[in-house]
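Survey of secondary and tertiary structure
Chain by chain, the residues run as shown.
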Amino acid sequence: MKNSALKGALGALAVVGVALIAKKAAQRKRFIRGVFDEYGIKEKSPFGLADKIREMNEEDYQELKGKFKKEFSSRCCRKDNTFEA
């Protein structure tokens, strides 16, 4: 009985994990679509994005780079500055 309950709990946890990963992937896909629409990129591929970046001036490129850094930055390894000893 104990193993059965443990397997059920682990199964439920796995389902929740997969759902969270799918949600995050959908959010990132929406972000990429928004970037393509905002900058008028017709070819929905990395090559289309690269071509558009080559055509951009420095200011627009820095803005786009900032958007990508904000969206895709890792939150796992940053030092939390709220607690200082």
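This report concerns the structure included in the present document. Note that the structure is a prediction, hence the values are computed from the model and not measured. (Residues numbered from 1 in each chain as written. Predicted model: local features only at pLDDT ≥ 70, side-chain atom pairs only at ≥ 80, totals over all residues. Heavy atoms only, no water.)

Observations concerning the overall build of the chain
When helices and strands are counted, the chain shows 3 helices and 0 strands. Element order for the chain, N to C, with α for helix and β for strand: α-α-α. Long-range pairs, those at least 24 residues apart, make up 52% of the contacts in the chain between residues at least 6 apart in sequence. Working note: accessible area of the chain is about 7,400 Å², and carbon and sulfur atoms make up 61% of it. (Helix = DSSP H or I, 4+ residues; strand = E, 2+ residues; numbered from the N terminus. Contact = heavy atoms within 4.5 Å. Areas by Shrake-Rupley, 256 points an atom, 1.4 Å probe, with all protein chains shown as cover.)

A closer look at the packing of aromatic side chains
What the rule picks out here adds up to 3 aromatic pairs. Ring geometry for Phe31 and Phe72: centres 5.7 Å apart, planes at 80 degrees, overall edge-to-face. Of the two residues, Phe31 sits in helix 1 (residues 2-38) while Phe72 sits in helix 3 (residues 58-72), which places them 41 residues apart along the sequence. Residue classification places Phe31 among the buried positions, given a relative accessible area of 17%. In this structure Phe72 comes out as partly exposed when scored by relative accessible area, which is 33%. Aromatic side chains Phe68 and Phe72 sit 5.9 Å apart centroid to centroid with 15 degrees between the ring planes, which places their arrangement in the stacked category. Of this pair, Phe68 and Phe72 both sit in helix 3, separated by 4 residues, roughly a single helical turn. Chaining the aromatic ring pairs together yields one cluster made of Phe31, Phe68 and Phe72. (Phe/Tyr/Trp six-rings, centres within 6.5 Å; stacked < 30°, edge-to-face > 60°. Buried < 20%, exposed > 50% of the residue type's maximum accessible area, 1.4 Å probe, protein only.)

What about the pattern of salt bridges?
All told, the structure shown has 4 salt bridges when counted by the stated rule. Taking the shortest distance from any N to any O, the salt bridge between Glu38 and Lys67 comes out at 2.5 Å. Here Glu38, found in helix 1, pairs with Lys67, found in helix 3; they are 29 residues apart in sequence, far enough to count as distant. Taking relative accessible area as the criterion, Glu38 reaches 47% and is therefore assigned partly exposed. Lys67 sits in the partly exposed class, given a relative accessible area of 22%. Between Asp51 and Arg54 there is a salt bridge, with the nearest N and O atoms lying 2.6 Å from each other. Placement of both Asp51 and Arg54 in helix 2 (residues 46-55) is noted, with a separation of 3 residues, approximately one turn of the helix. (Salt bridge = Lys/Arg side-chain N within 4 Å of Asp/Glu carboxyl O.)

Some details on a nonpolar patch on the surface
On the surface, Leu6, Leu10 and Leu13 cluster together to form a nonpolar patch covering roughly 320 Å² of accessible area. Examined against the element boundaries, Leu13 turns out to sit in helix 1. Given the relative accessible area of 58%, Leu13 is considered exposed. (Patch = residues over 30% accessible without salt bridge, like charges linked within 9 Å, V, L, I, M, F, W, Y side chains within 5 Å.)

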